[in-house]
Amino acid sequence: MKRAVTSLSALQRASRGRAARFSTSAGLQNSSPCTRYTAATHDTPSSSASVQSTLATSENYLLPVYARPQFVLSHGKGSKVWDTDGRCYVDFSAGIAVNALGHGDEEFVKVMSEQASKLLHTSNVFHNEWAPRLAELLVELTRREGGLGLADPSAGAKVFFANSGTEANEGALKIARKVGKERWAKQAGRAWEDGGCTKTRIACFEQGFHGRSMGALSVTSNPKYQKPFAPLIPGVDVGTMNDMEGLQGLVGEDTCAVIVEPIQGEGGIHAADEAWLRALRKRCDEVGAVLIYDEIQCGLYRTGNLWAHSKLPADCQPDMVTMAKPLANGYPIGAVLIRDSVAQVMTPGTHGTTFGGSPLACALGFHVLSRLSSDNVGKQVQETSTHLVGRLEKLPKYFPKLLKPEVRGRGLILGLGFKDTTNPGRVVDMARERGVFLLTAGKDAVRLVPSLNVPKEDVDFAVDVLESVLSQM
Ligand SMILES: Cc1ncc(COP(=O)(O)O)c(C=O)c1O
């Protein structure tokens, strides 16, 4: 059987026509959702022998921990990806909020090729040219654009490079444990090495996601992820984000660390309130706990600012920020940005990694971060977000039986809440069968995290498909 190869450009020409009508009708006056993409165009199983062979090999040899659709991705450009059958998709998942500059970026590929042929890996036994340069860029950009209390000119910060978000969080939790021990020892008037240190507890929040290693999983309070692997690390207390009253009991004298996402990603796109973050910061200061913001999904310009907390006043800012996903546009990297007041407890040999901080990862991180901070990307994110949110806000009005009233999130980390929790998965499947990649988040949401430079025509196509799908449900 010969499969039809769907041309996205044809679909998008239609979409563009519609988008043009939107813009000429001043202020999106359309009163009904798009129904142009009700028919599935990307759902036929591949008849290619090579695809069948890849899927069979995958089934035979890969650990089956991922549920994946039955096609094989081949290449990408900007916000579009193609499968090996030639079908094109608009990628509103961006590798789960990773490909900030999109796919197939030529300048990025040039840096990668040049650095890989020059020096790829040396281990941390030696210095390389790029790790300190990327660390300096992270610290000085944070000082300039806001975050981590670095507006205070006497404050400094250090960076630890890892290879993933999980590993960045693992590092941050370890550093906080050591800070807790030193602070306890100072108060107790004896060395923590002599035993008896109680300042080891870690607080985290419901619906938070911090990774899958034993430490990161222990602070990811989701029974689905945790139960099969229990017992986890002890001494973890779970609170509720934005619950003011709960803070006093949650964070106490024995707490060494509090970890929170300023905007929860995997948990369903829930933002922390400024007043609550201020109260959390205050409580951490009262008891001497280290405050960690996990900005692995929401940081690095996804909200339009360097950090999701960049524009918050100093009294809402953390001691450490963890990052990963977009920093090298898809090449594995993670990092912890640490105030000097906390970083000073770490000495040679206390933590480490073989691959973290490699010349290749850091050259790529330096390139990506330089572009995100100087190419007007923040402004573009805000403009794209205004347009996208403007369209998404109409959906609960079109589909009040399906959708919760609020569009959640900021910038280009957005979520649509569904009243029936079986629907987000259905929407993601149906959108993919019409050429758009979306993600679910938490129990009730569809998540939109496109590349930060996603063109308006791709935004319109994605929302047109979403409207068509919702109108069929
Ligand atoms: C907020 C947050 N923290 C940590 C992680 C774990 O990162 P990684 O998958 O790179 O280990 C993720 C991944 O989705 C995340 O969204």
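Preceding block: the structure.
These numbers were taken from a predicted model, which means no experiment stands behind them.

## As for the pairing of strand β11 (residues 320–323)
Regular strands have side chains that alternate between both faces of the sheet. Side chains of β11 alternate between two faces, with Met320 and Thr322 and Val321 and Met323 buried alike. In this structure, strand β10 (residues 290–294) lies alongside β11, joined through 3 bridges in parallel fashion. Bridging across to β11, Asp294 finds its partner in Thr322.

## Let's talk about the environment of Val139
The topology assignment puts Val139 in helix α5 (residues 130–145). Between the alpha carbons of Val139 and Leu150 there is a distance of 8.2 Å; along the sequence they are 11 residues apart.

## Section: the site of the ligand
Near the ligand, the surroundings consist of 13 residues, among which Gly165, Thr166, Asp294, Gln297 and Lys325 are the closest. For the ligand, an oxygen atom lies 3.3 Å from a polar atom in the side chain of Glu266. One of the side-chain N or O atoms of Lys325 is found 3.0 Å from an oxygen atom in the ligand. Burial of the ligand by the surrounding chains reaches 82%, relative to a free accessible area of 390 Å². A class-by-class count of the residues in the shell around the ligand yields 2 nonpolar, 7 polar and 4 charged.

## Details of the sheet that holds strand β14 (residues 413–418)
Spatially, 4 strands are ordered β13-β14-β17-β16 in an open sheet, and the strand pairing comes out antiparallel. Strands with a single pairing partner mark the edges of an open sheet, and in this sheet they are β13 (403–410) and β16 (439–441). With strand direction ignored, the average angle separating the axes of adjacent strands in the sheet is 30°. As judged from the 5 bridges shared by β13 and β14, these two strands associate in the antiparallel manner.

## A look at the pattern of salt bridges
Close approach of charged atoms lets side chains of opposite charge pair. A complete count under the given rule lists 28 salt bridges for this structure. Between Glu182 and Lys178 there is a salt bridge; the shortest N-O distance is 3.4 Å. Placement of the pair is Glu182 and Lys178 together in helix α6 (residues 165–188), with a separation of 4 residues, close to one helical turn. Between Asp460 and Lys456 there is a salt bridge; the shortest N-O distance is 3.3 Å. Placement of both Asp460 and Lys456 in helix α16 (residues 456–472) is noted, with a separation of 4 residues, approximately one turn of the helix.

Conventions adopted
Residues numbered from 1 in each chain as written. Predicted model: local features only at pLDDT ≥ 70, side-chain atom pairs only at ≥ 80, totals over all residues. Heavy atoms only, no water. Buried < 20%, exposed > 50% of the residue type's maximum accessible area, 1.4 Å probe, protein only. Helix = DSSP H or I, 4+ residues; strand = E, 2+ residues; numbered from the N terminus. Pairing = 2+ DSSP bridges. Near = heavy atom within 4 Å. Polar contact = N/O pair within 3.5 Å; in protein donor to acceptor, adjacent residues only side chain to side chain. Areas by Shrake-Rupley, 256 points an atom, 1.4 Å probe, with all protein chains shown as cover. Nonpolar A, V, L, I, M, F, W, Y, C, P; charged D, E, K, R; others polar. Axes fitted to C-alpha atoms, helices over the stretch in contact; angles between N-to-C directions. Salt bridge = Lys/Arg side-chain N within 4 Å of Asp/Glu carboxyl O.

In short, the description is geometric, and any link to function would need to be established separately.
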